[in-house]
Amino acid sequence: MEHETRSLRDGRSVLIRDGQVGDGALFHDYLAELGASTEYMLTHPGDMSMAGVYEKSLEKIEAGGFYALNAFDTESGAMVGNAALYFGERVKLSHVAGLAMGVLPEWQGNGLGMWMLERAVQDIKRQPKIQRLQLVVMEGNEHAKKMYERAGFVHEGRKVKAVRQPDGSYRDEFLMGMWVGD
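Each chain has its residues counted from 1, following the order in which its sequence is written. Under the rules for a predicted model, residues below a pLDDT of 70 receive no local features and side-chain atom pairs below 80 are neither given nor counted, while totals for whole chains, interfaces and linings still include all residues. Note that water and hydrogens are dropped before the side-chain values are worked out from all heavy atoms of the structure.

**Considering the overall build of the protein chain**
Part 1: Runs of E in the DSSP output that reach at least two residues are strands. Runs of H or I that reach at least four are helices, and both are numbered from the N terminus. Of regular secondary structure, the protein chain possesses 4 helices and 8 strands.
Part 2: Ordered by position in the sequence, the α and β elements of the protein chain form the string β-β-α-α-β-β-β-α-β-α-β-β.
Part 3: Taking 2.2 N^0.38 as the reference for a compact globule, 182 residues should give roughly 16 Å; the C-alpha atoms of the protein chain span a radius of gyration of 16 Å, in line with that estimate.
Part 4: To sort residues, take the accessible area from a 1.4 Å probe on protein chains only and compare it with the maximum for the residue type: under 20% means buried, over 50% means exposed, and anything in between is partly exposed. Split into buried and exposed, the 182 residues of the protein chain put 43% on the buried side.
Part 5: Just so you have it, the protein chain exposes about 9,700 Å², and 50% of that area is on carbon and sulfur atoms.
Part 6: For the charge count, each Lys or Arg is scored as positive and each Asp or Glu as negative, with His and the chain ends excluded. Every charge is mapped onto a representative atom, which is NZ of Lys, CZ of Arg, CG of Asp or CD of Glu. Across the protein chain, the centroid of the 21 positively charged side chains sits 7 Å from that of the 26 negatively charged ones. C-alpha atoms define the radius of gyration in this analysis, and the globule rule sets the expected value at 2.2 Å times the number of residues to the power 0.38. Shrake-Rupley sampling with a 1.4 Å probe provides the accessible areas, and residues are treated as covered by the protein chains on show and by no other component.

Structure below.
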């Protein structure tokens, strides 16, 4: 995908582009801010090895083993949103991609998350090897759950007390999926 600038409802604009090798540092900063801003992500600010994992995943894009769509503030250049699809590597799971995405709080409510989600689903439908998308939503994250439902994801199950928060409380995770194959 070429770079694309999108205007948001509040008048701000973002640069949208595919993930590229070298985005790991920008992703690190984005993930640290996002992780500190919400209890609904699995990544905690202390888990910042995720930037290295993301960089290794970016290296798989050319071989068709990973998908990333990133949004950047056109003024600061900072990453403000991300949608990533992690492809199944085992033979029996090679038709499955797991979705992880987020938008920084100050950029939410402008349609960016829904646009990125719809774009990621549209892009992945062009890859014949991926036929199923799946994700998890943490209990209490109603905004994200409703967005995924509007995009066509369906509820498939619940993992009870799957997440232990730093304060010792537990949250369930809701499993959601979407068939994108023929």
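**Overview of the layout of surface pockets**
Part 1: Within this model, the largest pocket holds a volume of roughly 1,200 Å³.
Part 2: Every residue lining the largest pocket is counted, 42 residues in all, and those nearest its centre are Met41, Ala100, Met101, Gly102 and Tyr148.
Part 3: Elements with a minimum of two residues in the lining of the largest pocket: α1 (24-37), α2 (50-58), β4 (79-87), β5 (96-103), α3 (112-125), β6 (132-138) and α4 (142-151).
Part 4: Considering each element in turn, the lining of the largest pocket owes the most residues, 6 residues, to β5. A cavity here means a set of points on a 1 Å grid, drawn over the protein atoms and nothing else, where a 1.4 Å probe fits but cannot get out; a pocket is an open set with protein on both sides within 12 Å along at least five of seven lines, and a residue lines either one if it has an atom within 4 Å of a point. Grid points are joined across faces, edges and corners, and a volume is the space filled by probe spheres set on the points.

**Let's talk about the nonpolar core**
Part 1: Only buried Ala, Val, Leu, Ile, Met, Phe, Trp, Tyr and Cys residues count toward a nonpolar core, and they belong to the same one when joined by side-chain atoms within 4.5 Å. One finds Leu85, Leu112, Leu117, Leu133, Tyr148 and Phe153 to be the most contacted residues of the largest nonpolar core, which totals 47 residues.
Part 2: Of all the elements, α3 adds the most residues to this core, at 8 residues.
Part 3: Here, residues are in contact when the closest pair of their heavy atoms is within 4.5 Å. Discounting residues that sit within four places of it in the chain, Phe153 has contacts with Leu99, Leu117, Val121, Leu133, Gln134, Leu135, Tyr148, Met176, Gly177 and Met178.

**A closer look at the pattern of salt bridges**
Part 1: By convention in these notes, a salt bridge is any Lys or Arg side-chain nitrogen within 4 Å of a carboxyl oxygen on Asp or Glu. By the definition in use, this model includes 13 salt bridges.
Part 2: With a shortest N-O distance of 2.7 Å, Arg12 and Asp10 are connected by a salt bridge.
Part 3: By relative accessible area, Arg12 is classed as partly exposed at 27%.
Part 4: Between Lys159 and Glu173 there is a salt bridge whose closest N-O contact spans 3.2 Å.

Function cannot be read off these values alone, since they describe shape.
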